[in-house]
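Read off the chains here:
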Amino acid sequence: MVIIDYENTVNPGFWLNRLSQCDWTAGQYLYQQLKEGTFHEHYGEKARLLLLTDGTKLVSFCTYAARDDIPDTELTPWMGFVYTAPEYRGRRLMGRLIAEVKALAREDGYDTLWISTGETGLYEKYGAVFDRMLRSEREDDCRIYRMNTYGFFGWEKADMPARIADYPGIGIPRDMYNALWHLWKRETCAPRMQKDWSEENRTLGQCSITAFLAQDIFGGLVYGVPLEEGGYHCFNVIGDTWFDLTSEQFGGKKPEYSLKWEQTRHDHFMKEEKKARYETLKAALAGWTKAAR
């Protein structure tokens, strides 16, 4: 399955036709806006429609926009029109679109994403938190949810400056997370976990090589939490601040960070495959940051 941007696809007419077949009233409303050319008028100049596709099938879609259907609010940006086709439901595929929208919001400098819905119990599964009730343009009562665009533990305080300038644009750990989101791959995942790695779970099996790379850039120490299956889950500690760039692999469950043991690259890199994965991720980050200059 592939996520595409509707306006940047080579055949928007084809996907507009697919959208016209949507059995959801709001989907039909979105279709009319796109057909009539009023989409950006409603949701902002930079609004985007993201499509999750399976070959020629439209699996799921959502929008990322500066505005939603809530008038007179300074809240921004919004994820809206979230829909999955009936035959694809129950597989948490919406999570791929949510992850993509969160990445777009981070790149635009936002640490909070907003959602307007009448649903209860849906977005909570993806880490959203109910914030307030607001009235829509149609005078409906809407539940407003907020979602952190940074999903890793400790992100709120992960603002210590880089101690080296080898990676242009990586000024604080959140910048590193933004870049690594595009660079964590199956080949950088621990071998025993590679069969379970996916685009929806990018941080799986990436903890030690990520933590030591973060140590290169920001200093501090690397600690590990013992895992039931053996080994350690690694994270970073700088002074009295800790952050765990790969904690999302636990699905919102917080590791017991108090049970920490200091980790050394000498011990970890005795495994040649782990050292090779570290070097691969390090080179990828260097290439990414230089290309982004």
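Report follows, based on the coordinates. For every chain, the first residue of its written sequence is number 1, and the numbers climb from 1 along that sequence. Totals for whole chains, interfaces and linings use all residues, but because this is a predicted model, local features are given only for residues with pLDDT of at least 70 and pairs of side-chain atoms are given and counted only at 80 or more. Excluding hydrogens and water, the side-chain figures rest on all heavy atoms present in the structure.

Moving on, we get to the sheet that holds strand S11 (residues 261-263). What the four strands build is an open sheet, ordered S10-S9-S8-S11; its pairing is antiparallel. The open sheet has two free edges, formed respectively by strand S10 (241-243) and S11, since each of these has just one partner strand. Along the sheet, successive strands turn relative to each other by an average axial angle of 40°, direction set aside. As defined by bridge partners, strand S8 (residues 221-226) adjoins strand S9 (residues 232-238) across six bridges and the pair is classed as antiparallel. When the bridges of S9 are listed, Gly224 appears paired with Cys234. Whether two residues are in contact is decided by their heavy atoms: any pair within 4.5 Å suffices. Think of each axis as a best-fit line through the C-alpha atoms, taken over the contacting stretch in the case of a helix, with angles from 0 to 180 degrees between the N-to-C directions. Secondary structure elements follow DSSP: runs of H or I of four or more residues count as helices, runs of E of two or more count as strands, with numbering from the N terminus. The strands touched by helix H6 (residues 207-218) within the sheet are S8, S9, S10 and S11, with S9 carrying the most contacts at an inclination of about 15°. The rule for pairing is simple: two strands pair if DSSP sees at least two bridges between them.

Bringing the packing of aromatic side chains into the picture now. Only rings of Phe, Tyr and Trp enter the pairing, Trp through its six-membered ring, and a pair is recorded when the two centres are within 6.5 Å. The plane angle decides the type: under 30 degrees is stacked, over 60 is edge-to-face, the rest tilted. Per the counting criterion, the structure on display carries 20 aromatic pairs. Each ring, one from Phe130 and one from Tyr145, has its centre 5.9 Å from the other, and the planes form 75°; the classification is edge-to-face. With Phe130 in strand S6 (residues 129-135) and Tyr145 in strand S7 (residues 141-148), this pair connects stretches of sequence that are 15 residues apart. Consider the rings of Phe153 and Tyr257, whose centres lie 6.2 Å apart with planes at 75°: the pair is edge-to-face. Of this pair, Phe153 sits in the loop between S7 and helix H5 (173-180) while Tyr257 sits in the loop between S10 and S11, and the two are 104 residues apart along the sequence. Think of it in three bands: with a 1.4 Å probe and only protein chains considered, a residue is buried below 20% of the maximum accessible area for its type, exposed above 50%, and partly exposed in between. Classification of Tyr257 as buried rests on a relative accessible area of 7%.

Our next topic: the pairing of strand S4 (residues 78-84). For S4, a buried count of seven out of seven residues is recorded, marking the element as mostly surrounded by other parts of the structure. Across five bridges, strand S3 (residues 57-65) lies against S4 in antiparallel orientation. Across the sheet, Phe61 pairs through a bridge with Tyr83, a residue of S4.

It is at 11 Å that the axes of H5 and H6 come closest, and there the two elements cross at 135°. Between H5 and H6, the interaxial angle falls into the category oblique. Crossing hand, H5 versus H6: right-handed. Contact residues: H5 offers Pro173, Met176 and Leu180, while H6 offers Thr210, Leu213, Ala214, Ile217 and Phe218. Gly is placed with the polar residues, together with every amino acid not listed as nonpolar (Ala, Val, Leu, Ile, Met, Phe, Trp, Tyr, Cys and Pro) or charged (Asp, Glu, Lys and Arg). Residue classes in the contact of H5 with H6 are distributed as seven nonpolar, one polar and no charged. Angle categories: roughly parallel below 35 degrees, roughly antiparallel above 145, roughly perpendicular from 65 to 115, and oblique for all the rest. Crossing handedness is read from the near helix: turned anticlockwise from the far helix by less than a right angle, it gives a left-handed crossing, and turned clockwise, a right-handed one.

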